[in-house]
Amino acid sequence: DAITVYGDDYPTPDGSCLRDYVHVSDLALAHVAALKRLESGGSSLAVNLGSGTGASVLEIIAAARRITGADIATVIGDRRPGDPPSLICSPQRARAELGWSTTFDIEAQIGHAWAWHRERFGTSV
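Residues numbered from 1 in each chain as written. Predicted model: local features only at pLDDT ≥ 70, side-chain atom pairs only at ≥ 80, totals over all residues. Heavy atoms only, no water.

**Some details on the side chain of serine 51**
And step 1. One can find serine 51 in the loop between helix H1 (24–39) and strand E3 (55–56).
And step 2. On the basis of relative accessibility, which here comes to 18%, the residue serine 51 falls in the buried class.
And step 3. A polar contact is formed between the side chain of serine 51 and the side chain of aspartate 20, at a distance of 2.7 Å.
And step 4. At 3.0 Å, the side chain of serine 51 and the backbone oxygen of threonine 53 are in polar contact.
And step 5. Sequence-distant contacts of serine 51, that is, excluding residues within four places in its chain, are made with Asp20, Val22, Pro91, Arg95 and Thr102. (Helix = DSSP H or I, 4+ residues; strand = E, 2+ residues; numbered from the N terminus. Buried < 20%, exposed > 50% of the residue type's maximum accessible area, 1.4 Å probe, protein only. Polar contact = N/O pair within 3.5 Å; in protein donor to acceptor, adjacent residues only side chain to side chain. Contact = heavy atoms within 4.5 Å.)

What follows is the structure, encoded as structure tokens:
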């Protein structure tokens, strides 16, 4: 019936957790770049894949409301144990070593997910 937002008292601009969201297509392109690196004789490496910027849980819900036109109900729940206020990637190594960076912003990510969902399930708001 409603999405639970786990905590609204974190030391973030709106009190909800910040996360670094990445489009699945951007992740796929990072893997292709890594494979090309290996094919050309480069060594394997570990890199963070993300935009380097975060969006809060409440910002994501607001964007989903705008894109879908749905009145998405939310309730504020207790913080989850161990949930950090902010998890934002440092993508510098991915840029330097793979020439990779994200291309889809939050609006595009949600828009693509919503289009896929409507196509697959024929769902509207």
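Having put the structure on the table, let's press on.
**Notes on helix H2 (residues 57–68)**
And step 1. If you check H2, its first and last C-alpha atoms are 16 Å apart, about what 12 residues at 1.5 Å a residue would give, namely 16 Å.
And step 2. Within the sequence span of H2, burial applies to Ile60, Ile61, Ala63, Ala64 and Thr68. Down the axis of H2, the buried side of the element spans an arc of 160 degrees, and every buried residue falls inside it.
And step 3. Here the buried face of H2 lies against strand E1 (3–6), E3, strand E4 (74–77) and helix H4 (106–121).
And step 4. Phi turns positive, to about 75 degrees, at glycine 69, one or two residues after H2. (Expected span 1.5 Å × (residues − 1). Arc of directions from axis to C-beta.)

**Here we look at the sheet that holds strand E5 (residues 86–87)**
And step 1. Read from one edge of the open sheet, 3 strands run E3-E2-E5, paired in mixed fashion. Strand pairing shows two members of the sheet lacking a second neighbour, E3 and E5, which therefore form its edges. (Pairing = 2+ DSSP bridges.)

**Some remarks on the environment of isoleucine 72**
And step 1. Mapped onto the elements, isoleucine 72 comes out in the loop between H2 and E4.
And step 2. The sequence separation of isoleucine 72 and leucine 87 amounts to 15 residues, and the corresponding C-alpha distance is 24 Å.
And step 3. With residues near it in sequence (within four places) discarded, isoleucine 72 still touches Ile3, Ile61, Ala64 and Arg65.

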